[in-house]
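# An overview of the molecular structure
Each chain, letter by letter, is given below.
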Amino acid sequence: MKRGGVTFKLFAITASFFMLFYAIVLLGQLLFFERFYQNQRLAGLEKKLQSFSEQYASNHWDEPRITREIGQFISQNKAQLAILNPEGKVKYDNFFRIVIRDDKGASIKISLMPLSASDQQKELLAAHLQRGDRVQVEAEFEKDDQDKDLIYAHVIKKAGMKDIGSTATSEEPLRQISGVITDTLLPSPNLWNLRQGLLFFAIRESFPLLTNEQRADLQSGKMIEQEWMESITGVRNFIAVQPVMRDGKVSELLFSITSLQQISEAYGALRLFYVYIGVGGIVLILLLSLIFSKFVTKPLLTLNKFALRMAKLDFSAKSPIRSNDEFGSLSHSLNSLSESLDHTLKELHQANEQLRADMEEKQRMEQRQKEFVSNASHELKTPLSIVKGFAEGLRDGISESKRERYLEVILDETEKMEELVKDMLELTKLESKTIKLKKSRFMVSELIEDIVDKLSHHLNEKGLKVVHMAAGEHPIYADQSKIEQVLFNILVNAIRHAVPGSEITIRIDSDGERLRVAIDNEGENIPEDQLDDIWERFYRAERSRNRKTGGMGLGLAIVKHILELHESRYGVTNTEKGVSFYFML
């Protein structure tokens, strides 16, 4: 790594930047994290407690709803909650309790708040208290509780089980109550901890409270906040007392407690952790900065070598970088530039060849247009001349015996011109690809029989016989009228070029889902170099264009376009006796 190179510069800048950033983060964590976390924790708890107070004051919740809401508050905020009367007596504490019916038939609710020690929790959960169990409870009554409908259990006894709890946790005399459990709401192991017991002791130490200033704050609806250290364990806690206002008076107090000791312990461990991670972080930053600088500059150095070869007109080299980033994009651009420069002459040559081909195609198109005009003029010239000659004869007043013959000739030639114009219009439509096929299912053999019947006069004139063979024929899905025109034109062409007295063979074979139709006649072969030309308009094998021995040269062109519209494979081949036309549908 050269001192003045880009790799060294990038390494120095990256390492310095991350070292500065890392130092700022460490100092911020060490100096401000504990205070920040504690403020955020307590501010969130205060907002939730105020929101709970507003909902509690505005809604008339029944006892099940109150206990459910208290349980949800405890679970979401990791803080204990109890609802007290203005004198500090518990109305609703945590939602874990049992209800028993004593021997006198009275229903008594028994809070499980005092049974919060870890060993007592295990004993309580192991007892599997359920409805119908008979238990004996040593419980503590509040001094001013006249109704005695909520008591605090210190010991629960169940036959066959170890006693749950201890009387040593009570500062007041205990009473014994026996009865049958009618309802239970017990915690699962993950919903109960030592914080439950701290709530009980915190309430006892905080009431009767308070200074006159605190009482005044409560009466005005303000929350009281203070730190409280549990006297036995010395654990720091945060207590918040939120008054519930109804009709401008304090009706209840929301008493919440959360631990601050966990924050201090976590922060102490975090400080020690930062001492160890500091050294490791510096080493890691240096190592990663070196790897990062090498990783970034490696493709740059590779591209520099590639560019130097291009500067020496060596376009054979290719950049090996294929990443999906800016380096990859630059590599791709340089490769493209190299290829462009290397192939410029070849592309110019190809462009010249393409231009020459386009010019030749243009000339062919112009030649076809000229041939079309010439062919159309030729096809129309003869019948027009005949019509004109015979029309002049009628005008000159020919004898009555020839008049009928002249009219027949004029009508015959007019029909031929009309047929030619119709074929030209049909061919123009087909070539424009604007015709929409009207497809349906039909049998080809039935269509062939109708066409043969229509052409029976032409067949009899030359003494021709049609042989029809079908194997595995099935209905096809096509435009029936267009396929009829295809078969008609091919058969007319076969009749025109067949040897008198011969046979025309029509074969229909199944080729999977398609049908293959072949029409063979006996006659002269088509020159091999003209097999592709017969599908062009106005093509006739007789170059003399004798109208007696050939058609107008549009029939097979129409056949070609109809079959292409059907996406059919078609063709023509020479056979030993003549010519075979075929197509597949």
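With that settled, the discussion passes to the overall build of the chain. What the chain contains, in helices and strands, is 13 helices and 18 strands. The buried share of the chain, taken over its 585 residues, is 38%. In the chain, once contacts between residues fewer than 6 apart in sequence are set aside, the share between residues at least 24 apart is 68%. Total accessible area on the chain is roughly 34,900 Å²; 54% of this is exposed by carbon and sulfur atoms.

Take the sheet that holds strand 15 (residues 503-511) next. Sheet architecture is open: five strands sit in the order 13-15-16-18-17, paired in mixed fashion. Each having just a single partner strand, strand 13 (465-471) and strand 17 (570-574) make up the two edges of the open sheet. Taken over all neighbouring pairs, the strand axes of this sheet differ in orientation by 15° on average, direction set aside. Pairing of strand 16 (residues 514-522) with strand 18 (residues 578-584) involves seven bridges; the strand directions are antiparallel. For Arg-516, the partnering residue across the bridge sits in strand 18 and is Met-584. Contacts from helix 10 (residues 444-454) reach strand 13, strand 15 and strand 16 within the one sheet, and its direction differs from that of strand 15 by about 165°.

This part covers helix 2 (residues 63-77). Given 3.6 residues per helical turn, the α-helix brings residues three or four places apart onto the same face. Between the first and last C-alpha of helix 2 there are 21 Å, a value that for 15 residues agrees with the 21 Å anticipated at 1.5 Å per step. Restricting attention to buried positions, one finds in helix 2 the residues Ile-66, Thr-67, Glu-69, Ile-70, Gly-71, Phe-73, Ile-74 and Asn-77. Where helix 2 starts, the residue carrying a side-chain oxygen 2.9 Å from the main-chain nitrogen of Arg-65 turns out to be Asp-62. Phi turns positive, to about 55°, at Lys-78, one or two residues after helix 2.

Our focus in this paragraph is unusual backbone geometry. Positive phi, close to 55°, is recorded for Asp-247, a residue that is not glycine. Since its relative accessible area comes to 83%, Asp-247 is described here as exposed. Even without being glycine, Glu-567 reaches a positive phi, approximately 55°. Along the chain, the position of Glu-567 falls in the loop between helix 13 (555-565) and strand 17. The class for Glu-567 is exposed, based on a relative accessible area of 66%.

Attention now moves to the nonpolar core. Ranked by internal contacts, the top residues of the largest apolar core, which has 38 residues, are Val-444, Leu-487, Ile-504, Ile-519, Val-572, Phe-581 and Phe-583. Every element with two or more residues in this core is listed here: helix 10, strand 14 (476-479), helix 12 (480-497), strand 15, strand 16, helix 13 and strand 18. Discounting residues that sit within four places of it in the chain, Leu-487 has contacts with Val-444, Leu-447, Ile-448, Ile-451, Val-517, Ile-519 and Phe-583.

Attention shifts here to the sheet that holds strand 2 (residues 90-92). Taking strand neighbours across the sheet as the criterion, the five strands line up as 2-1-11-10-9 in an open arrangement whose pairing is antiparallel. Edge positions in the sheet fall to strand 2 and strand 9 (224-229), since each has one partner strand and no second. Adjacent strand axes in the sheet meet at a mean angle of 35°, parallel and antiparallel pairs treated alike. Note that strand 10 (residues 236-246) and strand 11 (residues 249-259) share 10 bridges and pair antiparallel. Bridge pairing links Met-245 to Val-250 in strand 11. Along the sheet face, helix 2 touches strand 1 (80-84), strand 2 and strand 11 and points at about 145° away from the line of strand 1.

For Gln-120, the location among the structural elements is in helix 3 (residues 118-127). Given a relative accessible area of 8%, Gln-120 falls into the buried group.

With that out of the way, let us pick up the packing of aromatic side chains. Following the criterion strictly, the structure yields three aromatic pairs and no others. When the ring of Phe-52 is compared with that of Trp-61, the centres are 5.8 Å apart and the planes differ by 70°; the resulting orientation is edge-to-face. The exposure class of Phe-52 is buried, given its relative accessible area of 6%. The interplanar angle of 65° and the centroid separation of 6.0 Å between the aromatic rings of Tyr-56 and Trp-61 together place this pair among those described as edge-to-face. The exposure classification of Tyr-56 matches that of Trp-61, with both residues buried. By the ring-pair criterion, three or more aromatic residues cluster together here, those being Phe-52, Tyr-56, Trp-61 and Phe-73. The ring of Tyr-582 has Arg-516 lying over it, and the distance from NZ or CZ to the ring centre is 4.6 Å.

Here we take up a negative patch on the surface. A contiguous patch of negative charge on the surface is contributed by Glu-446, Glu-449, Asp-450 and Asp-453. Relative to the helices and strands, Glu-446 resides in helix 10.

Taken together, the side chains of Leu-284, Leu-287, Leu-288 and Ile-291 define a hydrophobic patch exposed on the protein surface, amounting to about 380 Å² of accessible area. By the element assignment, Leu-284 lies in helix 6 (residues 261-311). Look at Leu-284 and you get partly exposed, because its relative accessible area is 47%.

The residue Ser-580 is located in strand 18 in this model. When residues no more than four places from it in sequence are discounted, the contact partners of Ser-580 are Ala-518, Ile-519, Asp-520, Gly-571, Val-572, Thr-573 and Thr-575.

The next point concerns the side chain of Asn-77. Here Asn-77 shows up in helix 2. By relative accessible area, Asn-77 is classed as buried at 9%. Engagement of the side chain of Asn-77 in a polar contact is seen with the backbone oxygen of Phe-73, the distance being 3.0 Å. In contact with Asn-77, other than residues within four places in its own chain, are Arg-41, Leu-45 and Lys-48.

What follows concerns the confidence of the model for the chain. Of the residues in the chain, 76% have a pLDDT of 70 or more, and the chain-wide mean is 77. In this model residues 543-550 is a low-confidence stretch, pLDDT under 50, and it forms 19 contacts with partners more than four residues away in sequence or in other chains.

Criteria and cut-off values
Residues numbered from 1 in each chain as written. Predicted model: local features only at pLDDT ≥ 70, side-chain atom pairs only at ≥ 80, totals over all residues. Heavy atoms only, no water. Helix = DSSP H or I, 4+ residues; strand = E, 2+ residues; numbered from the N terminus. Buried < 20%, exposed > 50% of the residue type's maximum accessible area, 1.4 Å probe, protein only. Contact = heavy atoms within 4.5 Å. Areas by Shrake-Rupley, 256 points an atom, 1.4 Å probe, with all protein chains shown as cover. Pairing = 2+ DSSP bridges. Axes fitted to C-alpha atoms, helices over the stretch in contact; angles between N-to-C directions. Expected span 1.5 Å × (residues − 1). Polar contact = N/O pair within 3.5 Å; in protein donor to acceptor, adjacent residues only side chain to side chain. Core = buried A, V, L, I, M, F, W, Y, C linked by side-chain atoms within 4.5 Å. Phe/Tyr/Trp six-rings, centres within 6.5 Å; stacked < 30°, edge-to-face > 60°. Lys NZ or Arg CZ within 6 Å of the ring centre and 35° of its normal. Patch = residues over 30% accessible without salt bridge, like charges linked within 9 Å, V, L, I, M, F, W, Y side chains within 5 Å. Salt bridge = Lys/Arg side-chain N within 4 Å of Asp/Glu carboxyl O. Lys, Arg positive; Asp, Glu negative; His and termini not counted. Charge placed at Lys NZ, Arg CZ, Asp CG, Glu CD. pLDDT = per-residue confidence, 0-100.

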